[in-house]
Amino acid sequence: MTNPSFDTKIVHHKADQSLVPNSKTTPIYQTSAFTFKDLDHLESYYEGNSPYLYTRERNPNTDELAGTVAELEEAPAGVATSSGMSAILAGILAVAEPGDHIVAAEDVYGGSHKLITKELPSFGIDVTMVSFSDLKTVEDAVTEKTKLLYTESISNPFLRVEDLKELVSIAYRKGVKTMVDNTFATPYLLRPYSDGVDLVVHSGTKYIGGHSDVTCGILVGNEELIKAAQQKVVTLGANLSPFEAWLTQRGAKTLGLRMKQQSYNAHQVAKALRNHKLVQNVYYPEYVSERGHGAIVTIELDGTVDIEKFFQSLGWIKIAPTLAGVETTLSYPVRTSHRALSDSEREKIGINDYVIRLSIGIEHHEDIIHQLISTIESSVRV
Ligand SMILES: *Cc1c(COP(=O)(O)O)cnc(C)c1O
């Protein structure tokens, strides 16, 4: 361009950016689309020889994140989406069409419960919610029209660990597919795809990202199902932005270190609270994997504890309606994740005013235990 004017220059600054091949980390491809040098180059995209056209369809940062999680889950393919919710929806729609039926666990994450019971029927998909504690009930709920069994590897807030091998064998017998939300376990502890689960989904907002600074989802499975799910993501506009993908990828690098420390800490907290007279119940899995048992501990406080006072005396521990960050936080299911449920629905799954979910962070475990015990002891009703 000879002597371009300011107005031209300002938009064509560094227009010819060749990639920097030796950058130590992946740059953020913060672009909505990709350009083509001529029509042959454009044609090469449609012939499958050039990967990128438009970010809603694919972007190097979202590809990198999806590829990383697929690799960790030991699955051939993955797709990254705007949130855990959209990853769940894309996964279900990749398997079920109008007229089909799915069977889902009644104790799934509140948002998933709402998606499945309130939204799927408007896609023409019938739903049966049952307890997955007894897998015979699940098998009995399968009909001619059933396409999918949906559950979580570790449930919320009571941390029931799913028997994935048994679930897969039922699905195999019945000729249906399985989809498992592996958010609480992460591939550090469990890899459901290796057990034969067809689709594994994550709220990357939680442990994969790990720093409470991004909302995202990832779905992994075989090439065929992921291609179908990716089509839904593209059409529904549920793609993840390049920057969010980059942040999640950055966080994911320490997933192993964080899960190791957080699972260890959680185990220590569970042991310490189990022996405390003001704690009625401690829910912590007996066994998840040889690497640890997860970083969430749910407790039921004694009736003599004043809950309002408890939440006012938390010291450095914050109340947060999420989990999985590097800081210890706690959440109150009655007022957050399970707020939308009726009293009787809550009672059925065992959630009452004294149930508190702790998301254990990377601090020193003795500091966490000390703060929790002093909060509990100073909150007894007088
Ligand atoms: C948070 C969460 C979701 C939803 O994920 P978002 O990223 O908030 O959309 C789904 N499943 C589980 C188990 C979760 O904890």
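Owing to the predicted nature of the structure, the values given are computational and were not obtained by experimental measurement. (Residues numbered from 1 in each chain as written. Predicted model: local features only at pLDDT ≥ 70, side-chain atom pairs only at ≥ 80, totals over all residues. Heavy atoms only, no water.)

**A look at the overall build of the chain**
Then, in step 1: Tallying secondary structure elements over the chain gives 14 helices and 12 strands in all.
Then, in step 2: With the C-alpha coordinates aligned to their principal axes, the bounding extent of the chain is approximately 85 × 55 × 35 Å.
Then, in step 3: In the chain, which comprises 382 residues, the proportion classed as buried is 51%.
Then, in step 4: Restricting the contact set of the chain to residue pairs at least 6 apart, pairs at least 24 apart contribute 71%. (Helix = DSSP H or I, 4+ residues; strand = E, 2+ residues; numbered from the N terminus. Buried < 20%, exposed > 50% of the residue type's maximum accessible area, 1.4 Å probe, protein only. Contact = heavy atoms within 4.5 Å.)

**Comments concerning the sheet that holds strand β9 (residues 296–301)**
Then, in step 1: Read across the sheet, 5 strands follow the order β8-β9-β12-β11-β10 without closing on themselves; strand pairing throughout is mixed. Of all the strands in the sheet, just β8 (279–283) and β10 (318–319) have a single pairing partner and so form its edges.
Then, in step 2: Relative to strand β12 (residues 355–359), β9 is paired through 5 bridges, and the arrangement is antiparallel. What sits directly across from T298, in β12, is R357. (Pairing = 2+ DSSP bridges.)

**Concerning a nonpolar patch on the surface**
Then, in step 1: Taken together, the side chains of F6, I10 and V11 define a hydrophobic patch exposed on the protein surface, amounting to about 360 Å² of accessible area.
Then, in step 2: Mapped onto the fold, I10 is located in helix α1 (residues 6–12).
Then, in step 3: A relative accessible area of 53% means that I10 is categorised as exposed. (Patch = residues over 30% accessible without salt bridge, like charges linked within 9 Å, V, L, I, M, F, W, Y side chains within 5 Å. Areas by Shrake-Rupley, 256 points an atom, 1.4 Å probe, with all protein chains shown as cover. Salt bridge = Lys/Arg side-chain N within 4 Å of Asp/Glu carboxyl O.)

**Describing the domain arrangement of the chain**
Then, in step 1: Along its sequence, the chain is organised into domain 1 (6–252) and domain 2 (255–377).
Then, in step 2: Here the C-alpha centre of domain 2 lies 28 Å away from the C-alpha centre of domain 1.
Then, in step 3: Across the boundary between the two partners, domain 1 contributes 26 residues, which contact 37 residues of domain 2.
Then, in step 4: Both faces considered, domain 1 and domain 2 share a buried interface measuring about 2,700 Å² in area, 67% of it formed by carbon and sulfur atoms.
Then, in step 5: Per-residue buried area on domain 1 facing domain 2 is highest for F158, Y188 and Y207; these three make up 32% of the total on that side.
Then, in step 6: Our count for the domain 1 to domain 2 interface comes out at 1 salt bridge.
Then, in step 7: Residues K348 and E106 are paired through a salt bridge, measuring 3.3 Å at the closest nitrogen-oxygen approach.
Then, in step 8: Seen at the junction of domain 1 and domain 2, the total is 9 residue pairs in polar contact (both at pLDDT 80 or more).
Then, in step 9: Secondary-structure elements contributing two or more residues to the side of domain 1 that touches domain 2 are α8 (186–189) and α10 (242–252).
Then, in step 10: The class makeup of the residues in the side of domain 1 that touches domain 2 is 15 nonpolar, 8 polar and 3 charged. (Domains from an automatic or database assignment. Buried area = accessible area lost by both parts, 1.4 Å probe. Polar contact = N/O pair within 3.5 Å; in protein donor to acceptor, adjacent residues only side chain to side chain. Nonpolar A, V, L, I, M, F, W, Y, C, P; charged D, E, K, R; others polar.)

**Points about the sheet that holds strand β5 (residues 177–181)**
Paired through their backbone hydrogen bonds, the strands of a sheet run either parallel or antiparallel.
Then, in step 1: Strand order in this open sheet of 7 strands is β1-β7-β6-β5-β4-β2-β3, and the pairing throughout is mixed. Every interior strand has two partners, whereas the edge strands, β1 (77–81) and β3 (126–130), have only one. Direction aside, the axes of adjacent strands within the sheet are offset by 20° on average.
Then, in step 2: Relative to strand β4 (residues 146–152), strand β2 (residues 101–105) runs parallel, the two being bridged by 4 bridges. In the strand pairing of β4, I102 is matched with L148. (Axes fitted to C-alpha atoms, helices over the stretch in contact; angles between N-to-C directions.)

**Some points on the side chain of S289**
Then, in step 1: Considering the arrangement of structural elements, one finds S289 in the loop between β8 and β9.
Then, in step 2: A polar contact is formed between the side chain of S289 and the backbone nitrogen of R291, at a distance of 2.9 Å.

**What about the pairing of β9?**
Then, in step 1: Of all 6 residues in β9, 6 are buried; the element is thus mostly enclosed.
Then, in step 2: Burial along β9 is two-sided: the face carrying I296, T298 and E300 and the face carrying V297, I299 and L301 are both buried.
Then, in step 3: Pairing analysis gives 4 bridges linking β8 to β9, with the strands arranged antiparallel. Across the sheet, V282 pairs through a bridge with I299, a residue of β9.

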